[in-house]
Amino acid sequence: MAEIKRILVTGGAGFLGSHLCERLVDAGHDVICLDNFFTSQKTNVSHLLDHPNFELIRHDVTLPIFLEVDEIYNMACPAAPGHYQYNPIKTIKTSVMGAINMLGMAKRCGAKVLQASTSEIYGNPDVHPQPETYHGNVNPLGPRACYDEGKRAAETLFMDYHRMNKVNIRIVRIFNTYGPRMHPYDGRVVSNFIRQALTGQDITIFGDGSQTRSFCYRDDLVEGIVRMMDGPDDFVGPVNIGNPGEFTIRELAELVIELTGAKVNIIHKPLPADDPARRRPDIRLAQEKLGWQPKVPLREGLKKTIEWFRSIDLSHYRPPTPNFE
Ligand code: NAD
Ligand code: UDP
């Protein structure tokens, strides 16, 4: 039987964190989910509350906490542009102080710690697709910087704790991921388009819709990060985890309209500042080192996501922060 570990998931009530908690509980691990519920709600994990291997702590990662664990997945951070720009100072504090607190815990306990980094590390990339060796093109002064630079500083902290204090780390650069349990009002493109289509609202394309993104289904993503955590200690990353299928935002809008059967129009709104023009992961490193590659094509993942959006009651979700509508 596989070893049972005590695992902390920060941001564990969020979209990705809640799926990760589920996966780890199912594998028999003792899971501590830590969250301040800034961008999530307890309903994401309420089905786990009665499970003897699951524990929920309301806490903010910018504040110290003393727990004894074997592994830490550091997922806590607002991830949607509307969420992370709502309080940019808090966003950068969450990345930087959250990383320091989790690295300190890992150092004290001898735990392994994985950082949920992001493709935003690459900014508006002038290398395409983006390999891990690319250092990126980030505007340190713009509205996305609180997130991008916070995550970049967190990567620096992870590498320095690893080199200086021999902390056993992993860094995963997550590319746009979607699926059930995305917050329907988070303002991200997949959730916005599906919610708009299902409620008969116009689909809002920012700019001319020629910008591209690569969309990874949440099951593929969770598999990738668990493989990275469980992988060999001499491969700390960073490693890109994402789906290399690349779509324009206009193509995504048309696919959502087709799959929902909605009779809605596409309208255009101004492109937000520093919006990356293109994004696609080079995943050769993940293939080689982790034997990982995504399995779920966009059309299939969108169908499952649309099904979930149809099943929820939108009135149970409060728009938590202003989004771009
Ligand atoms: P999410 O907003 O659903 O989840 C983030 C969770 O962190 C939420 O539950 C939120 O309440 C919690 N949180 C925020 N600030 C906190 C704080 N100070 N203390 C404790 N908890 C806090 O977003 P997600 O998409 O699930 O993202 C999870 C992680 O993955 C984030 O670190 C994000 O940067 C990273 N990521 C996600 C994507 C993606 O496409 N989903 C892409 C790149 C990186
Ligand atoms: N976008 C859009 N309409 C929306 C929401 C987003 O056209 O209603 C665009 C946005 O400008 C960006 C892309 O979709 O080019 C992805 O946006 P998202 O906020 O999902 O994530 P990002 O990758 O920009 O962090």
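Please refer to the structure placed before this passage.
Residues numbered from 1 in each chain as written. Chains lettered and ligands numbered in written order. Predicted model: local features only at pLDDT ≥ 70, side-chain atom pairs only at ≥ 80, totals over all residues. Heavy atoms only, no water.

A few words now on the overall build of the protein chain. Assigned secondary structure in the protein chain consists of nine helices and 13 strands. Relative to the compact-globule value of 20 Å for 325 residues, the protein chain shows a C-alpha radius of gyration of 19 Å, a close match. Structurally, the protein chain occupies a C-alpha span of about 55 × 45 × 40 Å along its principal axes. Among the 325 residues that make up the protein chain, the fraction classed as buried is 57%. When contacts within the protein chain are restricted to residue pairs at least 6 apart in sequence, those whose partners lie at least 24 apart make up 81%. For the protein chain, the exposed area adds up to about 13,700 Å²; of that, 51% sits on carbon and sulfur atoms. Charge centroids of the protein chain, computed over 37 positive and 39 negative side chains, lie 1 Å from each other. (Helix = DSSP H or I, 4+ residues; strand = E, 2+ residues; numbered from the N terminus. Rg over C-alpha atoms; globule rule 2.2 N^0.38 Å. Buried < 20%, exposed > 50% of the residue type's maximum accessible area, 1.4 Å probe, protein only. Contact = heavy atoms within 4.5 Å. Areas by Shrake-Rupley, 256 points an atom, 1.4 Å probe, with all protein chains shown as cover. Lys, Arg positive; Asp, Glu negative; His and termini not counted. Charge placed at Lys NZ, Arg CZ, Asp CG, Glu CD.)

Not every one of the 18 residues close to ligand 2 is listed here, only the nearest: V189, T204, F206, R213 and D275. Residue R144 places a side-chain N or O atom 2.9 Å away from an oxygen atom belonging to ligand 2. Residue Q211 places a side-chain N or O atom 3.0 Å away from an oxygen atom belonging to ligand 2. Considered on its own, ligand 2 offers 520 Å² of accessible surface; in the complex 95% of this is hidden by protein. Listing elements by their share of the shell around ligand 2, those giving two or more residues are α5 (189-198) and β8 (203-206). Of the residues that constitute the shell around ligand 2, the class distribution is seven nonpolar, five polar and six charged. (Near = heavy atom within 4 Å. Polar contact = N/O pair within 3.5 Å; in protein donor to acceptor, adjacent residues only side chain to side chain. Nonpolar A, V, L, I, M, F, W, Y, C, P; charged D, E, K, R; others polar.)

Relative to the 30 Å expected for 21 residues at 1.5 Å per residue, helix α4 (residues 145-165) spans 28 Å between its end C-alpha atoms, a close match to the ideal helical length. Buried residues of α4: A145, C146, Y147, D148, G150, K151, A154, E155, L157, F158 and Y161, and no others. Phi for K166, located one or two positions after α4, is positive at around 60 degrees. (Expected span 1.5 Å × (residues − 1).)

Next up on the list: the nonpolar core. The biggest cluster of nonpolar side chains holds 63 residues, and the ones touching the most others in it are V9, L20, Y73 and L302. Counting residues per element, this core draws most heavily on helix α7 (residues 249-260), at seven residues. Every residue in contact with V9, bar those within four places of it in the chain, is listed here: G17, L20, C21, L24, V31, I32, C33, L34, Y73 and M75. (Core = buried A, V, L, I, M, F, W, Y, C linked by side-chain atoms within 4.5 Å.)

Covered by surrounding structure in strand β4 (residues 71-74) are E71 and Y73 together with I72 and N74, the residues of both alternating faces. With four bridges joining them, strand β1 (residues 6-10) and β4 adopt parallel strand pairing. The residue bridging L8 from the neighbouring strand is I72, located in β4. Examined bridge by bridge, β4 and strand β5 (residues 112-118) share four bridges and lie parallel to one another. Across the sheet, residue E71 finds its bridge partner in β5, namely K112. (Pairing = 2+ DSSP bridges.)

Overall, the coordinates contain zero disulfides when judged by the stated rule. You can see C21 has no disulfide; the closest cysteine sulfur is in C33, sitting 4.2 Å from it. Of all cysteine sulfurs, the one in C77 lies closest to C146, which takes part in no disulfide; the gap is 8.4 Å. (Disulfide = S-S within 2.5 Å.)

When two helices pack together, their arrangement is given by the angle between the helix axes and by the axis-to-axis distance. It is the contact of helix α3 (residues 88-109) with α4, at a shortest axis distance of 8 Å, that shows an interaxial angle of 15 degrees. Taken together, the axes of α3 and α4 are roughly parallel relative to one another. Considering the relative orientation of α3 and α4, their crossing is right-handed. Contact residues: α3 offers P88, T91, I92, S95, V96, A99, I100, L103, G104 and K107, while α4 offers C146, Y147, G150, K151, A153, A154, L157, F158, Y161 and N165. A breakdown of the residues in the contact of α3 with α4 according to their chemical character gives 13 nonpolar, five polar and two charged. (Axes fitted to C-alpha atoms, helices over the stretch in contact; angles between N-to-C directions. Parallel < 35°, antiparallel > 145°, perpendicular 65-115°, else oblique. Left-handed = near helix turned anticlockwise from the far one by under 90°.)

Purely geometric stuff here, so don't read any function into it on its own.
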